[in-house]
Amino acid sequence: MAAPNQPQKSTYDVIVIGAGIQGSFTAYHLAQRHKDTLLLEQFLLPHSRGSSHGQSRIIRSTYPQEYYSRMMPESFRLWQQLEAETGTTLYRGKESGGSCRKGEQGELTQTGLVVLGPRGQPELEACRRSLGVDEVLDAAALAQRYPGFRLQAGKVAVLDSTAGVLFADRALRTVQEVFRRYGGTLRDGEKVLRIEPGATVTVTTTAGVYKASRLIITAGAWTGAFMEQLGLRLPLQPLRIDVCYWREKQPGSASLGSVSPCFLTLGLSQAPHGIYGLPSIEYPGLMKVCHHHGSPIDPEKRDQAPSSAPRPDIGILSSFISSYLPGLETQPAVMETCLYTNTPDGDFILDRHPKFSNIIIGAGFSGHGFKLAPVVGKLLCELSLGEEPSYNMAHFAITRFPGVLRAAL
Ligand SMILES: Cc1cc2nc3c(=O)[nH]c(=O)nc-3n(C[C@H](O)[C@H](O)[C@H](O)COP(=O)(O)OP(=O)(O)OC[C@H]3O[C@@H](n4cnc5c(N)ncnc54)[C@H](O)[C@@H]3O)c2cc1C
Ligand SMILES: O=C(O)[C@@H]1CCCCN1
């Protein structure tokens, strides 16, 4: 809030719209590089109406696509740098101190991650190669290591021992705090209503009018609507995700709960979109197990889905749990909601607006963007400053979607 009788500052080097994890990390990099940056958020912070809330997200080195696995070493390093800068524990995993570290979350252990799928499945093989390991675990080897898992016939597991759990809410709060410490301005409860492109971009919100020579849009599930305003029809599909927590049949069972690894599935016929899980963090005794898919939704109407609406995800998850995680009950004990914003190929959009080169877009994180936010923020910062991006951006370009450009120009 500006002091009484003092005109509110209205001109910045860069404006970032959306203070989720991507916008917040982008603003952090800009402010670290001494750019006078305004970060605008429509809701009062913290909020749980977008994609970055909740206690936990998976961080892992392994990816079937090498253009993501190549970014992970830097992402781990930047997460660690933020931890060191602030003296805050942001994730639990090997790199952050390994097993038996005590923190606010209780007794912490290294989690690791297992990727489960049919033997020889191409993406599973790509994950194995991304880790540089030869070994896959069969049912007996997995059960010996993690007794909570029961692998079904023909399925194997690849182990990523670098993986862990990011403390999502705490990470978001921390990166926003450091952004402010670097001199950045964060205005929450202020919704952007209009963008007028030009050499100087004008942004009108519910509380003011701001100008900057560069604009970055990281508005999560709301990005599609902004892009329409700016003449672009991006294929972004917001999805409502049921975030489900499942109770251990035997409370405190040593084989599940807080000592289990994270997991994700690839290529299972009963769940072609994939299922993933994380150990108990937010609810002791409950394991988070979710379907990597959801129902199309307008983010403005996310709270209007009737509680009686069909939940096909629950059936898929129950059936998976009874075969692969028999120590869990087969009905969720807690259900929450989160949003994905999916692209048709599941890859991010990190690019300049094709007509207005001082407007940068970071969107379509398709349910896997949190772990990479430090690198995404760096890339969006580089794009906005007209620098050569640190990674090959071909997979993230807007032009991979035919027709989008024609609509714009
Ligand atoms: C259930 C679930 C599980 C996930 N698991 C993982 C995981 O294990 N590992 C992983 O790496 N990733 C995971 N993800 C993905 C990750 O959380 C997202 O990719 C990431 O949070 C996207 O961040 P964002 O900043 O793009 O979006 P958001 O967090 O939604 O931020 C966008 C912000 O823009 C604001 N905004 C929109 N319109 C306006 C406006 N007009 N004016 C001002 N502000 C505006 C919104 O209010 C919002 O705060 C998961 C996601 C979900 C939902
Ligand atoms: O990004 C991740 O690691 C997970 C994988 C499974 C789906 C949710 N996101």
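Residues numbered from 1 in each chain as written. Chains lettered and ligands numbered in written order. Predicted model: local features only at pLDDT ≥ 70, side-chain atom pairs only at ≥ 80, totals over all residues. Heavy atoms only, no water.

Quick word on the pattern of salt bridges
Applying the stated criterion across every chain, the model contains 12 salt bridges. Residue Asp36 is joined to Lys9 by a salt bridge in which the shortest nitrogen-to-oxygen separation is 2.6 Å. Of this pair, Asp36 sits in the loop between helix H1 (21-32) and strand S2 (37-40) while Lys9 sits in the segment before strand S1 (11-17); the two residues are 27 residues apart in sequence, bridging distant segments of the chain. We note a salt bridge from Asp345 to Arg400, for which the minimum N-O separation is 2.7 Å. On the criterion of sequence distance, the pair formed by Asp345 in the loop between strand S19 (334-342) and strand S20 (349-352) and Arg400 in the loop between helix H9 (373-384) and helix H10 (404-408) is long-range, its members being 55 residues apart. (Salt bridge = Lys/Arg side-chain N within 4 Å of Asp/Glu carboxyl O. Helix = DSSP H or I, 4+ residues; strand = E, 2+ residues; numbered from the N terminus.)

As for the environment of Asp345
Taking relative accessible area as the criterion, Asp345 reaches 38% and is therefore assigned partly exposed. Linking Asp345 and Gly364, residues 19 residues apart in sequence, is a C-alpha distance of 9.7 Å. With residues up to four places along the chain from it excluded, the contact list for Asp345 reads Arg400 and Phe401. Engagement of the side chain of Asp345 in a polar contact is seen with the side chain of Thr343, the distance being 3.1 Å. Within polar-contact distance, the side chain of Asp345 engages the side chain of Arg400 at 2.7 Å. (Buried < 20%, exposed > 50% of the residue type's maximum accessible area, 1.4 Å probe, protein only. Contact = heavy atoms within 4.5 Å. Polar contact = N/O pair within 3.5 Å; in protein donor to acceptor, adjacent residues only side chain to side chain.)

Topic: H9
For H9, built from 12 residues, the straight-helix expectation of 16 Å at 1.5 Å per residue is met to within 8% by its first-to-last C-alpha distance of 16 Å. Most of H9 is tucked away, with 11 of its 12 residues classed as buried. Here H9 has its buried residues at Ala373, Pro374, Val375, Val376, Gly377, Leu379, Leu380, Cys381, Glu382, Leu383 and Ser384. Along its buried surface, H9 packs onto H1, helix H3 (72-86), strand S13 (209-217), S20 and strand S21 (359-363). Taken from the residues just after H9, Gly386 is the one with a positive phi, measuring 75°. (Expected span 1.5 Å × (residues − 1).)

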